[in-house]
Amino acid sequence: MVPQQTYLETHLEARSAHPSQTVHWHAAVYGSGPLILLAFHGFSQSASYFAPLAKPLEGIAQVWALELPGHHKTNWPGERPCTTHDLLNLIQAIKARTNQGPLAVLGFSMGGRYAFALGQTAGAELHSLHLAAPEGLSPNWAQIISTETGIGRWIIKRQIDHPGIITGPVKAMERMGILNKKMADFARANIANRTLRVQLRESWIAMSGLKPDHAQLAASASEHHFPVHLYAGKRDPLISLPHARKLANSIPGAALHEFEKGHFLIDEAFGQRLAGLLQPR
């Protein structure tokens, strides 16, 4: 299915060192249905990552796959954190362009940080929340240090033209057994070229304004009565299955779906399971 390519315009208010600006969020829109599914992809991906959902969700949900700050055609200002207020404006822009149907939110990997934020603060707007191998199950110390400390900000900026500042320690940690090979390979792959290194910095700065709060998410889900679904691969080297189980257990009525997979969960089979959860009962 060929998606419709479109943009959603939102306004960023002047804040501290950042002037007021207009952002055009790039979106790929798949299919049609009474529900709207807002989907956030992972690092270095694009809106097309959610193309496998189009067929199983046809007639159930129209998929709005957003490209995140730091990625492709979304013109997010590179030094500015994204906030929950910015995401609430994004929801309003989507509602203005759609049939005003109920809104479900899906976040995969890094996109899970954005989905978390909407679950915490936009519960009154949500039909359901879907977190697939999400960023936010536990603190991302590399990202926190890189955006909230002086030395970290220096390192994440310097690594753009001097990748050895990261690859050297990664190799040393792999040799000492602190990182397994899969994690080390993942780190190296994410800074394999300059474009990715710039994208890593911009992505981490943008998501630094969104703070995962498990207690706040649980309270929001309880108050607004929206179901929370977590999805995790049993062989995922990047997220902790015990952490996913702990979060699911802390939210009344939440469900954890375990897959015989690694990190990358989104495919047509995932879409078929999601379709079953989104259909009215």
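Note that the structure is a prediction, hence the values are computed from the model and not measured.

Peer 1: Looking at this structure, how should I read helix α4 (residues 141-148)?
Peer 2: Each α-helix winds once per 3.6 residues, and so residues spaced three or four apart point in a common direction. Turning to α4, its buried residues are Gln143, Ser146 and Thr147. Buried positions in α4, seen along its axis, are confined to an arc of 85° and lie on one side of it. Against the buried residues of α4 lie α3 (111-121), α5 (150-158) and α8 (194-207).

Peer 1: I'm lost on the packing of α4 against α5 in this one. Help?
Peer 2: Helices that pack against each other are described as a pair by the angle of their axes relative to one another and the distance between those axes. Packing of α4 against α5 brings their axes to within 5 Å, and their N-to-C directions diverge by 100°. In terms of orientation, α4 lies roughly perpendicular with respect to α5. Only Gly152, Arg153 and Ile156 of α5 make contact with α4, whose side of the interface consists of Ile145, Ser146, Thr147 and Glu148. Residues of the contact of α4 with α5, tallied by class, amount to two nonpolar, three polar and two charged.

Peer 1: When you look at the sheet that holds strand β6 (residues 126-132) in this model, what are you seeing that I'm missing?
Peer 2: In a beta sheet, neighbouring strands are held together by backbone hydrogen bonds and run either parallel or antiparallel to one another. On the basis of which strands lie adjacent, the open sheet formed by eight strands has the order β1-β2-β4-β3-β5-β6-β7-β8 and mixed pairing. Here the strands that pair on one side only, and so sit at the sheet edges, are β1 (4-12) and β8 (255-259). Neighbouring strand axes in the sheet, compared pairwise and without regard to direction, differ in orientation by 25° on average. Alignment of β6 against strand β7 (residues 228-233), held across four bridges, turns out to be parallel. For leucine 129, the partnering residue across the bridge sits in β7 and is valine 228. Across the sheet, helix α10 (residues 241-250) is in contact with β6, β7 and β8; its angle to β8 comes to roughly 160°.

Peer 1: What am I meant to see in the pattern of salt bridges here?
Peer 2: Two side chains with opposite charge may pair up if their charged atoms get near one another. Under the counting rule described, the total for this entry stands at 12 salt bridges. Residue lysine 211 is joined to glutamate 148 by a salt bridge in which the shortest nitrogen-to-oxygen separation is 2.5 Å. With lysine 211 in the loop between α8 and α9 (214-224) and glutamate 148 in helix α4, this pair connects stretches of sequence that are 63 residues apart. Bridged by salt links that share partners, the residues Glu174, Lys181, Asp185 and Arg188 form one connected network.

Peer 1: Could you clarify how one ought to interpret the side chain of histidine 263 in this entry?
Peer 2: Here histidine 263 is to be found in the loop between β8 and α11 (268-278). Here histidine 263 falls in the buried class, since its relative accessible area comes to 7%. In this structure the side chain of histidine 263 is engaged in a polar contact, spanning 2.8 Å, whose partner is the side chain of serine 109. A polar contact of 2.8 Å, which involves the side chain of histidine 263, links it to the side chain of aspartate 236. With near-sequence residues (within four places) excluded, histidine 263 lies in contact with Phe108, Ser109, Ala133, Asp236, Leu238 and Ile239.

Peer 1: What should I look at first to understand the nonpolar core in this one?
Peer 2: Nonpolar side chains in soluble globular proteins tend to be buried together. Ranked by size, the top nonpolar core spans 83 residues in total, and within it Leu66 and Phe270 carry the most contacts. In this structure, phenylalanine 270 is in contact with Leu53, Leu106, Ala132, Tyr231, Phe259 and Leu265, ignoring residues within four places of it in sequence.

Peer 1: Just to check I follow, could you spell out the packing of aromatic side chains for this structure?
Peer 2: How two aromatic rings sit relative to each other is set out by the distance from centre to centre and by the angle between their planes. Evaluated as defined, the whole model comprises eight aromatic pairs. The interplanar angle of 40° and the centroid separation of 6.0 Å between the aromatic rings of phenylalanine 108 and phenylalanine 264 together place this pair among those described as tilted. Linking phenylalanine 108 in strand β5 (residues 103-108) with phenylalanine 264 in the loop between β8 and α11, this pair joins segments that are 156 residues apart in sequence. We classify phenylalanine 264 as exposed; its relative accessible area is 51%. Both rings, one in tyrosine 231 and one in phenylalanine 259, keep their centres 6.3 Å apart while their planes meet at 40°; by these two values the pair is tilted. With a gap of 28 residues between them, tyrosine 231 in strand β7 and phenylalanine 259 in strand β8 connect regions that are remote in the sequence. The exposure class assigned to phenylalanine 259 is buried, which follows from its relative accessible area of 8%.

Reading the values: the criteria
All residue numbers refer to positions counted from 1 along the written sequence of the respective chain. This being a predicted model, a pLDDT of at least 70 is required before a residue's local features are given, and a value of 80 or more before pairs of side-chain atoms are given or counted; all residues contribute to the totals for chains, interfaces and linings. Calculation of side-chain values draws on the structure's entire complement of heavy atoms; hydrogens and water are dropped beforehand. Categorising residues by exposure relies on relative accessible area from a 1.4 Å probe, with only protein chains included: less than 20% of the type maximum marks a residue as buried, more than 50% marks it as exposed, and the intermediate range marks it as partly exposed. In this text, helices come from DSSP runs of H or I with a minimum length of four residues, and strands from runs of E with a minimum of two, each type numbered from the N-terminal end. In this context, the arc is that of the directions from the helix axis out to the C-beta atoms. Whether two residues are in contact is decided by their heavy atoms, any of which lying within 4.5 Å being enough. In this description, a line fitted to the C-alpha atoms serves as the axis of each element, helices being fitted only across the stretch in contact, and the angle between N-to-C directions of two axes falls anywhere from 0 to 180 degrees. By the definition adopted for this analysis, an angle is roughly parallel if under 35 degrees, roughly antiparallel if over 145, roughly perpendicular if from 65 to 115, and oblique otherwise. Gly counts as polar in this scheme, as do all residues outside two lists: the nonpolar Ala, Val, Leu, Ile, Met, Phe, Trp, Tyr, Cys and Pro, and the charged Asp, Glu, Lys and Arg. Strands are treated as partners if at least two bridges between them are detected by DSSP. When a carboxyl oxygen of Asp or Glu is within 4 Å of a side-chain nitrogen of Lys or Arg, the pair counts as a salt bridge. N or O atoms within 3.5 Å of each other form a polar contact, as long as, within protein, one can give a hydrogen and the other can take it, and as long as residues adjacent in sequence are counted only when both atoms are side-chain atoms. Among buried residues, those of type Ala, Val, Leu, Ile, Met, Phe, Trp, Tyr and Cys that are joined through side-chain atoms within 4.5 Å constitute a nonpolar core. Paired rings are identified among Phe, Tyr and Trp, the last through its six-membered ring, by centres lying within 6.5 Å, and are further divided according to the angle between planes into stacked (under 30 degrees), edge-to-face (over 60) and tilted (the rest).

These results come straight from atomic positions and should not be treated as a statement about function.
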